[in-house]
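For reference, the chains in residue letters:
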Amino acid sequence: MSGSCRRPEHQAPPEIFYGTDEAQKYSNNTRIMTIQSEMSDRALELLALPDDVPCLLLDIGCGSGLSGECIEEQGHLWIGVDIAPAMLQVAKERETEGDFILGDMGEGMPFRAGAFDGAISISALQWLCNRDKSYHKPGKRLYTFFSTLYACLSRGSRAVFQFYPESPDQVELITTQSMRAGFTGGVLIDYPNSSKAKKFFLVLMTGGSQPLPQALGTEQESASARFEQQRERIKQIRSGKNIKKSRDWIKEKK
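This structure is a prediction, so every number in the text was calculated from the model and none was measured.

Parameters at a glance
Residues numbered from 1 in each chain as written. Predicted model: local features only at pLDDT ≥ 70, side-chain atom pairs only at ≥ 80, totals over all residues. Heavy atoms only, no water. Helix = DSSP H or I, 4+ residues; strand = E, 2+ residues; numbered from the N terminus. Buried < 20%, exposed > 50% of the residue type's maximum accessible area, 1.4 Å probe, protein only. Contact = heavy atoms within 4.5 Å. Areas by Shrake-Rupley, 256 points an atom, 1.4 Å probe, with all protein chains shown as cover. Axes fitted to C-alpha atoms, helices over the stretch in contact; angles between N-to-C directions. Parallel < 35°, antiparallel > 145°, perpendicular 65-115°, else oblique. Nonpolar A, V, L, I, M, F, W, Y, C, P; charged D, E, K, R; others polar. Salt bridge = Lys/Arg side-chain N within 4 Å of Asp/Glu carboxyl O. Phe/Tyr/Trp six-rings, centres within 6.5 Å; stacked < 30°, edge-to-face > 60°. Core = buried A, V, L, I, M, F, W, Y, C linked by side-chain atoms within 4.5 Å. pLDDT = per-residue confidence, 0-100. Pairing = 2+ DSSP bridges. Right-handed = clockwise from strand over helix to strand, strands pointing away.

Visitor: Would you explain the overall build of the protein chain in this entry?
Guide: Regarding its fold elements, the protein chain presents 8 helices and 8 strands. Counting every position in the protein chain, which comprises 254 residues, the buried fraction comes to 49%. For the protein chain, contacts bridging at least 24 residues in sequence account for 69% of all contacts bridging at least 6. Summing over all exposed atoms, the protein chain offers an accessible surface of approximately 13,000 Å²; the carbon and sulfur share of this is 49%.

Visitor: Where do I start with the packing of helix α2 (residues 20-28) against helix α3 (residues 30-47) in this structure?
Guide: Two measures define how a pair of helices packs: the angle their axes make with one another and the distance between the axes. Where α2 contacts α3, the two axes come as close as 6 Å, and the packing angle between them is 75°. The angle between α2 and α3 falls in the class roughly perpendicular. Of the residues in α3, those touching α2 at K25, Y26, S27 and N28 are T30, I32, M33 and Q36. Its residues assigned to classes, the contact of α2 with α3 shows 3 nonpolar, 4 polar and 1 charged.

Visitor: Could you clarify how one ought to interpret the pattern of salt bridges in this entry?
Guide: Summed over all chains, the structure comprises 4 salt bridges. Put simply, D190 and R42 hold a salt bridge, and the shortest N to O gap is 2.8 Å. Placement of the pair is D190 in strand β6 (residues 184-190) and R42 in helix α3, with a sequence separation of 148 residues. Its salt-bridge partner being R94, residue E69 comes within 3.0 Å of it at the nearest N-O pair. Of this pair, E69 sits in helix α4 (residues 66-73) while R94 sits in the loop between α5 (85-93) and β3 (99-102); the two residues are 25 residues apart in sequence, bridging distant segments of the chain. E69 gets classed as partly exposed once you look at its relative accessible area, which sits at 27%. Judged by its relative accessible area of 22%, R94 is partly exposed. Shared partners join several salt bridges into a network, and the residues in it are R42, E45 and D190.

Visitor: Honestly, the packing of aromatic side chains in this entry has me stumped. Any pointers?
Guide: For any pair of aromatic rings, the description consists of the separation of the ring centres together with the inter-plane angle of the planes. Per the stated rule, a full pass over the model turns up 7 aromatic pairs. Both rings, one in F146 and one in F161, keep their centres 5.9 Å apart while their planes meet at 80°; by these two values the pair is edge-to-face. Residue F146 is located in helix α6 (residues 138-152), and its partner F161 is located in strand β5 (residues 158-163); the two are separated by 15 residues in the primary sequence. Its relative accessible area of 0% is what places F146 among the buried residues. Of the residues examined, F161 reaches a relative accessible area of 1% and is grouped as buried.

Visitor: How should the nonpolar core be read in this particular structure?
Guide: Within soluble globular proteins, side chains that are nonpolar generally end up buried alongside one another. Core analysis: the largest hydrophobic core is formed by 33 residues, its most contacted members being L58, M109, L125, F145, F146, L149 and F161. For this core, the element with the most residues is α6, which contributes 6 residues. Look past the residues within four positions of F145 in its chain and what remains in contact with it is I60, M105, G108, M109, L125, L128 and F161. Counting 22 residues, the second-largest nonpolar core is a separate cluster that includes A43, L49, C62 and V203.

Visitor: Would you explain the confidence of the model for the protein chain in this entry?
Guide: When pLDDT drops low, the exact placement of atoms in the prediction is not to be read closely. Chain-level pLDDT for the protein chain is 82 on average; 78% of the residues reach the 70-or-more range. pLDDT under 50 marks residues 220-247. Its contacts with residues more than four places away, or in other chains, come to 56 contacts.

Visitor: What is the right way to read the pairing of β3 from this model?
Guide: Each regular strand displays side chains that alternate between the two surfaces of the sheet. As paired strands, strand β2 (residues 77-82) and β3 are joined by 4 bridges and run parallel to one another. In the strand pairing of β3, D82 is matched with L102. Read from β2 through α5 to β3, the crossover connection turns out right-handed.

Visitor: Explain unusual backbone geometry to me, please; I cannot follow it from the model alone.
Guide: Negative phi characterises most residues that are not glycine, and trans characterises most peptide bonds. Positive phi outside glycine occurs at A48, with the angle close to 55°. Not every positive phi belongs to a glycine, and S123 is a case in point at roughly 60°. Here S123 is to be found in the loop between β4 (118-122) and α6. S123 gets classed as buried once you look at its relative accessible area, which sits at 18%.

Visitor: Hey, could you run me through the environment of C62 in this one?
Guide: Structurally, C62 is set in the loop between β1 (56-60) and α4. According to the relative accessible area criterion, C62 is buried, its value standing at 2%. Placed 60 residues apart in sequence, C62 and I122 show a C-alpha to C-alpha distance of 7.7 Å. With sequence-adjacent residues up to four places away left out, C62 is seen in contact with S67, W78, G80, V81, D82, L88 and F100.

Here it is in structure tokens:
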């Protein structure tokens, strides 16, 4: 396979692949910006946020802030996490309104319990399936990520990931680790019969088992691979920490 066709995650670790040149594409390439915005809007739709209520969202793998701009356009606040300094520098130069931190999602989300009303992630999740360093164990890193994400989401909220799975085994690894962390939900496939428009979304829920949203581009049947919660998770750290945030609290976070 030629280098131009290789998946980005097979070429270099994300903090290296998304160097200065690649990062600039996310502020100069109209096609990339359009695709990113469309996927972000779809992820926000799948979050099923309440109407006319500003929410605080976590943008995982926020990159140059394109998805954050979509969050802002819908009246919400956001905090982003990304592992690539060059991408965050572009976000800073574009003067996005969100806050962001440099961090590796595989090492967990460093936020207080119940801090966010939802989370989105565009084109980042598949990177956790790689062994970029000799000590990386994809299953362990995925579980660390999902368990800390679960903890920092308010109960009843959702997390939606647009991602590019390489194989069914990769989908199974990702969904299994998210279930172990306490989530319910499943993989929803928009336009499953289109080679160009087909998109995978992992829709995770914190409020118990719920029906998945309808996939786009399907007829009567849903093109989603649901997985049901069968947790053997030990109930720990879940007592008395789901205090709903006030608007003042959200402003303070900004």
